[in-house]
Amino acid sequence: MLPPWGDSPQGEGSTMSFELETAANAEHLRRVAIDPLSRVEGHGKVTLLLDEDDHVAQVRLHIVEFRGFEKFIQGRPYWEVPVMVQRLCGICPVSHHLAAAKAMDMIVGARLTPTAEKVRRLMHYGQILQSHALHFFHLASPDLLFGFDSEVARRNVVGVAAEQPELAKKGVLLRKYGQEVIRVTAGKRVHGTGAIPGGVNKALTVEEREYLQEDIYRVVGWSREAVEIARRLHESNRRLYDGFGTFRSSMLSIVAPDGALDLYDGQLRARDADGRILVDRGDCSRYWELIVEEVKPWSYMKFPFLRSLGPQEGWYKVGPLARVQNCDRIDTPLADAARRAFVDFGAGRPVHSPLAYHWTRMIEMLAAAEQIKDLLHDDDLLGTDLVTQGARAERGVGVIEAPRGTLIHHYRVDEHDQVTRANLIVSTTHNNQAMNEAIRQVARTYLDGRKLTEALLNHIEVAIRAFDPCLSCATHALGQMPLAVELVDGGGATIDRLVKATEATRC
Amino acid sequence: MLSLQPPPGAAPLLVLAIGNPSRGDDALGPLAAQRLVELALPGVEVLTDFQLQVEHALDLLGRIRVVFIDAAASGGAPFELRPLAPAADARHSSHSLSPAAVLEAYRRLTGSEPPPSRLLAIRGHDFELGAPLSSAAAANLDAALAALMPALQVAVAPGHEQPPPA
């Protein structure tokens, strides 16, 4: 079987349709656009089509996926790629850096030294820690702590800091710690060059290790507290948390060869909605044999599905909720105890509720903190054997579990060392159908037949935020991101429009 | 590391330049940072990042003055240099925080007022991935940095070399 660009560069598969995906007689319906979603990383838009009685007839999440990558990277020497790809995303540059480095390991035929692999793992766990901390303490917690209907002024970072100063402080400091791990391993706070094809360009010094060791036990302790907060929130309002936007689907992630949680390396595993294993020990370097990307005319973002099940049944979730349930165990004791508590909560059945992403995200943050602690006591971090090479290959695939889910980088490099092809499948693309299903569920439950209010529209955003979508969109210049809500009639005329001007937009 | 105390030896003036060097005129911030680093101004620390996040509030600890530099997709050309006051973001986006929201986060986290801060918003025009800096933006950058220089020198006037006690 050929790689994705071998026969069909635009993806493949038929255009299957799901309930509420496409309305009949759309020209007679009113259209509401939420554009862009607040507190979602990137450019997303939700459109709702309502009939004259405010019944929901169609719901779509449109995401402007990054399209220029191939052009950007083509013709570059392969060793530049792990550095360049960090500029694709200002939120998770380390994930792209490491996925590209892993792909280039294949190109140079490297088998990593223990030092190289452990320094990279340390960097990756630092990224998981800081990303998950930001999401839980500052993006999700306003919704969770204050309620979905709370006023906009409270639903932001500053709102949390005002009402829960200790929580906000721990969130900021956890994030700071993760970033210091990245700085030490990558060499710089941003635009680091730590991972290179075949290894790393630096190990840790004794002083750097001691610097990170100093605070790691507090980081583990705070991460434990965060798991407890997430668990209590879920248990205290179980009806809401279990049901909000809930849909059944398969789940996909990589796991270690022995079935343990592994966010850095492993083999593809998928379970069906009942938890039965559908795919196991899938070869990451031939991911296209398992995963197909479908193109739909209304969305720039592709819809991946498991080849064996087809587009209607084969779509899946990725990210913390999938990973924590896909693995058989976690190799650190506190996180594994937290995982078992979560599994017990599901009473032997997989948990599918989007709001459970928050709980599992914190279990992973705890796992990352414990893994950082263990690595900081491993002398391999101080080693001097940093880079290896072997037989050269033309194709390189790097798969990593980024904070938001499975991230695939795939390159072809010619005999002149230049990249000729590139294909990326980011976590948000894997979750595309899942997020669409979640918001359709929410629209059915909360919006159907009711007059739209900002609080109701926030319910849609709460469902999307649970997946923590992140896009390859590191541009952010002042004035580019006003929040606009439009009400458009069936003829396409704008009836009403609300734009929230910000300090920044007046620059 | 895990405290709200200023790091020892923090330079009294912080320049925090924001932008993605690979996105056309979004590189204005990092390019401004690069020029300032090359000048090695005494008492000035220059940091750069893709975008502002809540933890940048911690970089403000122990400073007597802060300058944010960013590309602006709209507004006055060649640049605007104006004081900043703490304010929550109306857009409440995590895509990035505005400079004013970083100041507000500082206030909420520390319970004290942030150091006096200004925003240097340099007008950009083309933000395409892989595009070079436009010639108009390059000219705007020169003008903006020339205007900023007096403010950077004031920071190291006698009596202002050290940050105030925490």
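Now for a description of the structure that goes with this document. Note that the structure is a prediction, hence the values are computed from the model and not measured.

Residue and element names in this part refer to chain B. With 12 residues, helix α1 (residues 28-39) should cover 16 Å at 1.5 Å per step; its first-to-last C-alpha distance of 17 Å lies within 8% of that length. Those residues of α1 that sit buried are L28, G29, P30, L31, A32, A33 and L36. Immediately beyond the C-terminal end of α1, within one or two residues, lies A40, with a positive phi of roughly 50°.

Before going further, it helps to examine the pairing of strand β13 (residues 405-413) of chain A. Residue and element names in this part refer to chain A. Taken across its nine residues, β13 has eight buried, putting it largely inside the fold. Taken together, the eight bridges between strand β12 (residues 395-402) and β13 define a ladder with antiparallel strand orientation. Residue pairing across strands places E401 opposite T406, the latter belonging to β13. In textbook terms, the turn of a hairpin is the stretch between consecutive antiparallel strands, and for β12 and β13 this stretch comprises two residues. Between β13 and strand β14 (residues 419-425), which pair antiparallel in sequence order, lie five residues; one of them, D417, sits at a positive phi of approximately 70°.

Residue and element names in this part refer to chain B. Along its 12 residues, helix α3 (residues 99-110) runs 17 Å from first to last C-alpha, staying within 8% of the 16 Å computed at 1.5 Å per residue. With 10 of 12 residues buried, α3 is to be regarded as a mostly interior element. Residues of α3 that are buried: P99, A100, A101, V102, L103, E104, A105, Y106, R108 and L109. Just downstream of α3 lies G111, where phi reads positive at about 75°.

We now examine the packing of helix α8 (residues 206-236) of chain A against helix α13 (residues 356-375) of chain A. Residues and elements named next belong to chain A. At a minimum axis distance of 9 Å, the contact between α8 and α13 shows a crossing angle of 165°. Compared by their axis directions, α8 and α13 come out roughly antiparallel. As for the relative orientation of α8 and α13, their crossing is left-handed in sense. Every residue of α13 that contacts α8 at I216, V219, V220, S223, R224, A226, V227, A230, R231 and H234 is listed here: A356, H358, W359, M362, I363, M365, L366, A369, E370, I372 and K373.

It is worth spelling out the sheet that holds strand β1 (residues 13-18) of chain B at this point. Residues and elements named next belong to chain B. The five strands lie next to each other as β2-β1-β3-β5-β4, forming an open sheet whose pairing is mixed. With one partner strand each, in any of the chains shown, β2 (44-49) and β4 (79-84) form the two edges of the open sheet. Taken over all neighbouring pairs, the strand axes of this sheet differ in orientation by 20° on average, direction set aside. As paired strands, β1 and β2 are joined by six bridges and run parallel to one another. When the bridges of β2 are listed, L16 appears paired with L47.

So, about the environment of A:A203. Residue and element names in this part refer to chain A. Note on placement: A203 falls in the loop between β5 (199-200) and α8. Owing to 22 C-beta atoms within 10 Å, A203 belongs among the buried residues under this scheme. Separated by 83 residues in sequence, A203 and R120 place their C-alpha atoms 9.5 Å apart. Among all residues touching A203, those that are not within four sequence positions of it are T115, V119, L381, L382, G383, T384 and L386.

Residue and element names in this part refer to chain A. Judged by pairing direction, the sheet is mixed, and its four strands sit side by side in the order β8-β7-β6-β11 without closing on themselves. Of all the strands in the sheet, the pair left with one neighbour each is β8 (277-282) and β11 (316-317). Both strand β7 (residues 267-271) and β8 contribute to a ladder of three bridges, which runs antiparallel. The residue bridging L268 from the neighbouring strand is G282, located in β8.

A few words now on unusual backbone geometry. Between B:A77 and B:P78 the backbone carries a cis peptide bond, its omega angle lying at 0°. The topology assignment puts B:P78 in the loop between β3 (65-72) and β4. With a phi close to 70°, A:L20 is a non-glycine residue in the positive phi region. Relative to the elements of secondary structure, A:L20 occurs in the loop between α1 (4-7) and β1 (30-35). A positive phi is found at A:R281, a non-glycine position, where the angle reads about 55°. Along the chain, A:R281 falls in strand β8. Looking at A:R281, the number of C-beta atoms within 10 Å reads 12, which means it is exposed.

Judged by nonpolar contacts, the single largest core of 189 residues is most densely connected at A:L129, A:I363, A:I439, B:V15, B:L120 and B:I122. Per-element accounting of this core gives the leading share, 14 residues, to helix α5 (residues 114-146) of chain A. Sequence-distant contacts of A:I439, that is, excluding residues within four places in its chain, are made with A:V46, A:V59, A:L61, A:G245, A:I460, A:A463 and A:I464.

All names here are of chain A. Of note, I330 is situated in the loop between α11 (320-326) and α12 (333-345). Among the residues examined, I330 registers 24 C-beta atoms within 10 Å and is labelled buried. In this structure the C-alpha to C-alpha distance between I330 and E364, which are 34 residues apart in sequence, comes to 9.2 Å. With sequence-adjacent residues up to four places away left out, I330 is seen in contact with A260, L261, A335, D336, R339 and A367.

About the cut-offs
- Per-chain numbering applies: the sequence of each chain, read as written, is numbered from 1 onward.
- In the order they appear in the text, chains get letters beginning with A and ligands get numbers beginning with 1.
- Totals for whole chains, interfaces and linings use every residue, but because this is a predicted model, local features are given only for residues with pLDDT of at least 70 and side-chain atom pairs only at 80 or more, for both listing and counting.
- Numbering of helices and strands starts at the N terminus; helices are DSSP runs of H or I of at least 4 residues and strands are runs of E of at least 2.
- Here a helix's expected span is defined as the number of its residues, less one, multiplied by 1.5 Å.
- Residue burial is a threshold on neighbouring C-beta atoms within 10 Å of the residue's own C-beta, all placed from the backbone, with 20 or more meaning buried, 12 or fewer meaning exposed, and counts in between meaning partly exposed.
- Note on pairing: two strands pair once DSSP finds at least 2 bridges between them.
- Here an axis means a line fitted to C-alpha atoms, over the contact stretch when the element is a helix, while the angle between two N-to-C directions is reported on a 0 to 180 degree scale.
- By the definition adopted for this analysis, an angle is roughly parallel if under 35 degrees, roughly antiparallel if over 145, roughly perpendicular if from 65 to 115, and oblique otherwise.
- Left-handed describes a crossing whose near helix is turned anticlockwise from the far helix through less than a right angle; right-handed describes the clockwise counterpart.
- Residues are scored as being in contact if the C-beta atoms we place from backbone atoms lie within 7 Å.
- As used throughout, a nonpolar core is a set of buried Ala, Val, Leu, Ile, Met, Phe, Trp, Tyr and Cys residues joined through C-beta atoms within 7 Å of each other.

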